[in-house]
Each structure stands twice: as C-alpha cells, then as structure tokens.
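Structure at a glance
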Amino acid sequence: MYHKYDAVVVGAGGAGLMAALQLVGKANVAVITKLYPSRSHTGAAQGGICAALGNTEEDHWEWHMFDTVKGGDYLTDQDAAEVLARDAVERIIELEHMGLPFNRTPEGKIDQRRFGGHTRNYGEGPVRRACYAADRTGHMILQTLYQQGIKNKVTFFNEFHLMDLIINNGRCVGVTALDIKTGELHTFHSKTTIFATGGYGRCWQVTSNAHACSGDGTVTAYRAGVPLMDMEMYQFHPTGLYRIGILLSEAARGEGGILRNSEGERFCERYAPTLKDLAPRDMVSRFIYQEIREGRGVGPNKDYVLLHVDHLGKEVIDSKLPDITDFARTYLHVEPYHEGVPIQPTAHYAMGGIPTDIEGRVIIDEKGTVLPGFYAAGEVACVSVHGANRLGTNSLVDLVVFGRRAGQHAARFIKENDYEELPTTPEKRSNDLLRFVEGGAQSGRKESAATIRKEMQECMMTNVSVVRNEKQLLTAMKKLQELRERFTKVGLTDNSTKFNTEKLEVLELGSLLEMAEVTTKGALERKESRGAHYREDYTSRDDKKFLAHTLAYRSPEGSVKELRYKPVTLGRFEPKERKY
Ligand SMILES: Cc1cc2nc3c(=O)[nH]c(=O)nc-3n(C[C@H](O)[C@H](O)[C@H](O)COP(=O)(O)OP(=O)(O)OC[C@H]3O[C@@H](n4cnc5c(N)ncnc54)[C@H](O)[C@@H]3O)c2cc1C
C-alpha cells in the first residue's frame, strides 16, 4: 500500500512524539511505531530529567554543560552540549505547561534532586538538578506527549514494523514498513523522515532495556549506507537487579542510597572521594567490577554488591522511590526498608548511533555532509551530546531538546522543498529481506533464533561489557561471525501472515547481530580507555589519537567494512583528567 506524507516519524517514544508535535499544523505527519506509543521504552525511565532551573539551590546552564562534557570524557561535541544545557530549562517549563505532574517543593516549584555526575560550580560537589515525578518520570513524559499527539490529531500507524529507508538521487524519500496485523508491506513516500527508534540493549544478557530495544532503526540506516558513530560507547548502569538487569534508578543514590561490599564498606568513597556513590555511571560500574574481582562481592558466588536505602526511612522510600523498591520485593524477595538489594551493572544506554548535527540532520561522513530529508533524534541518534558516557537524566532532556530541533528543522525543509520521486522499486530490499526470513518456513532450515540470541547475549555480556581487552574482543568477533552464519539458516516454525511475532523476532535478531558486531569492532580498534569504554590493556585516555568519533561503514555482506574517525567539536572546556 502507498502513503504520502510530508513527514514520517518512526518511533513514538519521547523523541518521536516531541518531533511530531513540532510538525502539526505545519505539515501532514505520520508516526509509525512497532509498539503502541505508550509502551515505548521512554515510559520505563525512572529517575528524572535535568535542567539548571536552580529551584532548590544555585545552578547555571554552564555548570550543566561542563558536567555533560566532563561526564562524556571529552568525547562530547561541545556545540551540542551547549544546546542541551541551555535549552533544557525552557523544555522543562514547556512539559510542565503541557500538564506533566512533576513533584513539587513546599512553595510549589518543580522539585529537584541529585544525580550522578551533576555538580555545582564545575565539580565542587553534587547539585540538585534532576526534575522528577516520583520514580516514574519517563512514564509521565510519555503520557503527556502522547496526549498532546492525540489532542493535535497526529496520525499514528501503530504496530507497523520499519523495514527499510528509501533513498533516491541522494535524498531520503521515505520508508517501508510491515503492518504487523496483516503482514502487508506499506510504502511511505515523504519529504522528510525522522528516526526515533531508541536503543539496542537487548544485545546483552543482563539489560535494563525492554524486549523491543533491538536497534532496528540504527541497523536500517546502516544498511542504507549511513555510517554509525561511536557504537563502542555503550553504557552499563551500575544498579541493575542481580541477574535480571531491571533498573534501580540512580535516584536511589540521588536520595541518599549507598553501595556496600561484603565487608559492609561504602566502597565508592575510596574511589571517588568527592562524589562517592554519585560519580558518573561508567566509573561506579567499574568500582563494582573491581570490588567483585578483588573478592569483596556479596553472596555465595561473591558476584554482586548491595544497594542500601534502608537508612532513608519508610516515608522517603514510599514517596520518592516507590516503584523501584517494589521491583526489589517482587523480583528478588528482599525488603528495602530493612536490607540491601543485590545489584550488578546492567547494559543500559547507547551513546552511539546515527550521526547527526545539532539540527538533527543525519550526516554521512567525517566532513559533516548531510543526507537531505533524513533526521534522527533520541537514543538512536548520536549528536553527540553524551560523548563516551551519558550522565543520568541527560537522555530524557536529549529527547525533548533534539526531538524538537529535528521536528522544527524538518518543518522548514518541508516548506522549502518539493517531493523527490521514489525509486522504481522502493519495496525491493524489504521484499528480499522478508523472503529471506520467510524462506526458512519451507526450506527445512533448522537453526533457532532463540538459541542464537541467547548465545549472542552471553557472548556480549562476557566479552564486551564494563571492562574489555583485546583477547575478549577478538573472541567476540569470532563468535559473532559464527552466529551470523548460523543466522542464515534460521527456520520459522510459524508460517502465518497475521501477527507473526516469530517473524518479527527474527528481524530483530538480524538487527541485534549487526549492532553487536559494530559495537565490538569499534571497541577493538579504540585502543584507549575513555568513558564507558575501558580497556584493561590500554588503561589511559589517548587524546592524541582518539579524541575522535568512530564512524563505522557497512559492507554489502553486512559486516563492518571500514572505520573512519571524525574530530570532536571542542569549545570552552579543554580536555582534562577526569576526577570526582
Ligand atoms: C529502565 C530505564 C530507565 C531509564 N531512566 C532514565 C531516566 O530516569 N532519565 C533519563 O534521562 N533517561 C533514562 N533512561 C534512558 C531513556 O529512557 C531512553 O534513552 C529514552 O527514553 C529513549 O527514548 P527514545 O524516544 O529515543 O526511544 P524509545 O522510547 O525507546 O522509543 C522507541 C520507539 O521506536 C519504535 N520502534 C523501534 N523499532 C521500530 C521498528 N522496527 N518499527 C517501528 N517502530 C519502531 C518503538 O515502537 C518506540 O515507539 C532510562 C532507560 C531505561 C531502559
């Protein structure tokens, strides 16, 4: 089926909805999403969204910008960090005016709390910068934006799975998508396309990410010839529920929670004397790793540490951390009022993704050449505002700041440009991909997608996680190659056209396998330690060689063809040693 829209937004999380809202009244806009909008992963975000409002203590956007740059271990593009920190303030007020029920101070202002890596006066000590709605901030943002979308009559194509990005004459002219309900392929012809499809945490065995976070948008752009940037920069959040990975927000530590090892010691103090438990995530994850490695882990296998909130009292727990403490009760049967919760680092956030400029326009090389008509925002994009390590609460603000900018630039592009024609067979690659996946149903292919996924997740968890080395990364490359070969022999057991979730899982696994390879290859070649990328065989940061973004290009066969490096945009903050 054929559709024509000025703008097609793929993804209905915070970034996609914010982008779509900029276009209503100016252009006809469709939002395509594989999940119902309110099930997007943004709804799982817990702790907060930051802005230097200064509501509870002195704060300035310059301090926020500094923290973002330093937190990102200086791989952050400083033009983007400035936009984020300045614009955050207005965006929070805008969300409030849309009806978002933030927690309040006694005088009625938006309340703010502490979060990792956010400091006053360029690193002097923690600052209260995170605005929040209990520990359900993302849920409130998603609901608020979705309600605005409904109110403004945005057209939603719910349960449509993105298949391909269509490019003609050097311009992006739309996408194809599979209607999950009918199994029919649709072509969306558009002047502008905005990807807001989120992250790919499902590459790992222990992750905070929802099942749907499989990097489909990232891989679709990559397959269409767009390079991917800084994919080796994948963040592990320090406090996932032991073995399960479900997140216990940094808000727990922001409210005063602390980590203890088997000796009962508050070990973060030893590593980060100023910020302690509120050091940035990459560091706290490494502290935990180190404690476990040196035998101070808790439990029969000494492989976790404890997050304590019991000293905060029932009232703080119930009013500010209700959901996450319930997760601990439900999944681990521990009572946070009285005891520590077993936690371990969990795969959480992709700093890397589709490279864009600060207007959300996708760029395709180290010179910043734009692919006209194509935009990306949110976790799928790499603008790069988070550099080598994202600070807590900086993603939600990224969604609304850069989602809005992408939408606004797209609105201008639509006004100034006519439709470019579609190529003659816009659906060819999608049909080929579907035929490949469906082919398994008849051809007696016997490999199981579930087994391959499990092996990939274990491989990534063991070899490409908090601490990396060459041997592990080479092992992972080899294993991923084997899994990709086995993937060509995956068979479907369900042959139906309508709501065939098995088919979708195979498509998602195809995305994940490619994302895993790009991440590993980038990590192998980045012979330094920076932010979330820590190499025990190259322990220091190498600004001479690697103060640069990795750009990974794909070969037609699907593996990484080439890595190039793009200089970081520096600015007011010179790269310095990172101490907290
Ligand atoms: C448990 C958890 C807690 C977090 N807490 C915080 C926090 O407190 N503060 C903070 O700043 N950040 C937090 N984050 C990070 C932040 O929530 C995410 O980075 C952010 O919400 C991503 O938003 P997004 O709009 O980019 O994508 P998502 O919200 O993930 O939405 C992706 C959208 O793309 C669609 N999509 C994906 N693939 C396809 C496809 N093939 N076809 C069609 N549609 C597709 C989906 O249907 C969905 O609508 C948290 C993350 C997690 C996992």
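1. Some remarks on the packing of aromatic side chains
Following the criterion strictly, the structure yields 20 aromatic pairs and no others. For the pair tyrosine 5 and phenylalanine 157, a centre-to-centre distance of 6.0 Å together with 85° between the ring planes defines the contact as edge-to-face. Taken as a pair, tyrosine 5 in strand β1 (residues 2–10) and phenylalanine 157 in strand β6 (residues 155–158) lie far apart in primary sequence, 152 residues in all. For phenylalanine 157, a relative accessible area of 13% gives the class buried. Relative to phenylalanine 374, the ring of phenylalanine 195 has its centre 4.9 Å away and its plane inclined at 90°; by these criteria the two rings are edge-to-face. Residue phenylalanine 195 is located in strand β9 (residues 184–195), and its partner phenylalanine 374 is located in strand β17 (residues 370–376); the two are separated by 179 residues in the primary sequence.

2. As for the side chain of glutamate 255
In this structure, glutamate 255 sits in the loop between α6 (251–254) and β12 (258–260). A distance of 2.9 Å separates a polar atom in the side chain of glutamate 255 from a polar atom in the side chain of arginine 113. With near-sequence residues (within four places) excluded, glutamate 255 lies in contact with Arg113, Tyr132, Leu312, Lys320 and Leu321.

3. Let's talk about the pattern of salt bridges
Under the counting rule described, the total for this entry stands at 57 salt bridges. Linking glutamate 94 and arginine 404 is a salt bridge whose minimum nitrogen-to-oxygen distance equals 4.0 Å. Of the two residues, glutamate 94 sits in helix α3 (residues 78–98) while arginine 404 sits in helix α11 (residues 394–416), which places them 310 residues apart along the sequence. Residue glutamate 94 is classed as partly exposed on the basis of its relative accessible area, which comes to 23%. For aspartate 282, the salt bridge identified is with arginine 286, shortest N-O distance 3.7 Å. One end of the pair, aspartate 282, and the other, arginine 286, are both in helix α8 (residues 281–293), 4 residues apart, so they sit about a helical turn from each other. Residue class for aspartate 282 comes out buried when judged on its relative accessible area of 3%.

4. So, the domain arrangement of the chain
Taken domain by domain, the chain consists of domain 1 (239–345) and domain 2 (428–538). If you average the C-alpha positions of domain 1 and of domain 2, the two centres end up 31 Å apart. Carbon and sulfur atoms make up 64% of the surface buried where domain 1 meets domain 2, a total of about 550 Å² over both sides. Considering only the surface of domain 1 that becomes buried against domain 2, Asp282, Arg286 and Tyr289 emerge as the three largest contributors, covering 70% of it. Across the pair glutamate 536 and arginine 293 runs a salt bridge, and its minimum N-O distance is 3.3 Å. Connecting domain 1 to domain 2 are 2 residue pairs in polar contact (both at pLDDT 80 or more). Looking at side-chain class alone, the side of domain 1 that touches domain 2 contains 2 nonpolar, 2 polar and 3 charged residues.

5. Topic: the pairing of strand β20 (residues 560–567)
Pairing analysis gives 7 bridges linking strand β19 (residues 548–554) to β20, with the strands arranged antiparallel. By the bridge assignment for β20, tyrosine 553 is matched with glutamate 562. In this antiparallel pair of consecutive strands, β19 and β20, the connection spans 5 residues, and glycine 558 shows a positive phi of 110°.

6. Quick word on the site of the ligand
The local shell around the ligand holds 38 residues, among which Thr33, His41, Thr42, Leu162 and Glu379 are the closest. Leucine 35 is positioned with one of its backbone polar atoms (N or O) 3.1 Å from an oxygen atom of the ligand. Across the complex, the protein chains shield 97% of the 1000 Å² of accessible surface that the ligand would expose by itself. Ranked by residues supplied to the shell around the ligand, first place goes to α11 with 4 residues. When the residues that make up the shell around the ligand are grouped by side-chain class, the tally is 14 nonpolar, 20 polar and 4 charged.

7. Let's talk about the sheet that holds β12
One open sheet holds the 4 strands; their spatial order is β11-β14-β13-β12, and the pairing between them is antiparallel. Of all the strands in the sheet, the pair left with one neighbour each is β11 (234–241) and β12. Each strand of the sheet is rotated relative to its neighbour by a mean of 50°, with strand direction disregarded. Inspection of the sheet shows β11 paired to strand β14 (residues 341–350) by 6 bridges, in the antiparallel sense. By the bridge assignment for β14, histidine 237 is matched with threonine 346.

8. Overview of the pairing of strand β8 (residues 171–179)
For β8, the tally of buried residues reaches 9 of 9 residues, placing the bulk of the element in the interior. Sheet topology places strand β7 (residues 160–168) next to β8; 8 bridges connect them, and they run antiparallel. Bridge pairing in β8 places histidine 161 opposite leucine 178. Between β7 and β8, which pair antiparallel one after the other, the connecting turn spans 2 residues, and asparagine 169 there sits at a positive phi close to 50°. One ladder, built from 6 bridges, connects β8 with β9; its direction is antiparallel. Each residue of the ladder has a partner; that of threonine 176, found in β9, is threonine 187. Counted between consecutive antiparallel strands, the loop separating β8 from β9 contains 4 residues, among which glycine 183 sits at a positive phi close to 80°.

9. Looking at helix α15 (residues 501–525)
With 25 residues, α15 should cover 36 Å at 1.5 Å per step; its first-to-last C-alpha distance of 36 Å lies within 8% of that length. A large share of α15 lies buried, amounting to 21 of its 25 residues. The N-terminus of α15 is capped by asparagine 500, whose side-chain oxygen sits 3.1 Å from the backbone nitrogen of glutamate 502.

Scoring rules and cut-offs
Residues numbered from 1 in each chain as written. Predicted model: local features only at pLDDT ≥ 70, side-chain atom pairs only at ≥ 80, totals over all residues. Heavy atoms only, no water. Phe/Tyr/Trp six-rings, centres within 6.5 Å; stacked < 30°, edge-to-face > 60°. Helix = DSSP H or I, 4+ residues; strand = E, 2+ residues; numbered from the N terminus. Buried < 20%, exposed > 50% of the residue type's maximum accessible area, 1.4 Å probe, protein only. Polar contact = N/O pair within 3.5 Å; in protein donor to acceptor, adjacent residues only side chain to side chain. Contact = heavy atoms within 4.5 Å. Salt bridge = Lys/Arg side-chain N within 4 Å of Asp/Glu carboxyl O. Domains from an automatic or database assignment. Buried area = accessible area lost by both parts, 1.4 Å probe. Nonpolar A, V, L, I, M, F, W, Y, C, P; charged D, E, K, R; others polar. Pairing = 2+ DSSP bridges. Near = heavy atom within 4 Å. Areas by Shrake-Rupley, 256 points an atom, 1.4 Å probe, with all protein chains shown as cover. Axes fitted to C-alpha atoms, helices over the stretch in contact; angles between N-to-C directions. Expected span 1.5 Å × (residues − 1).

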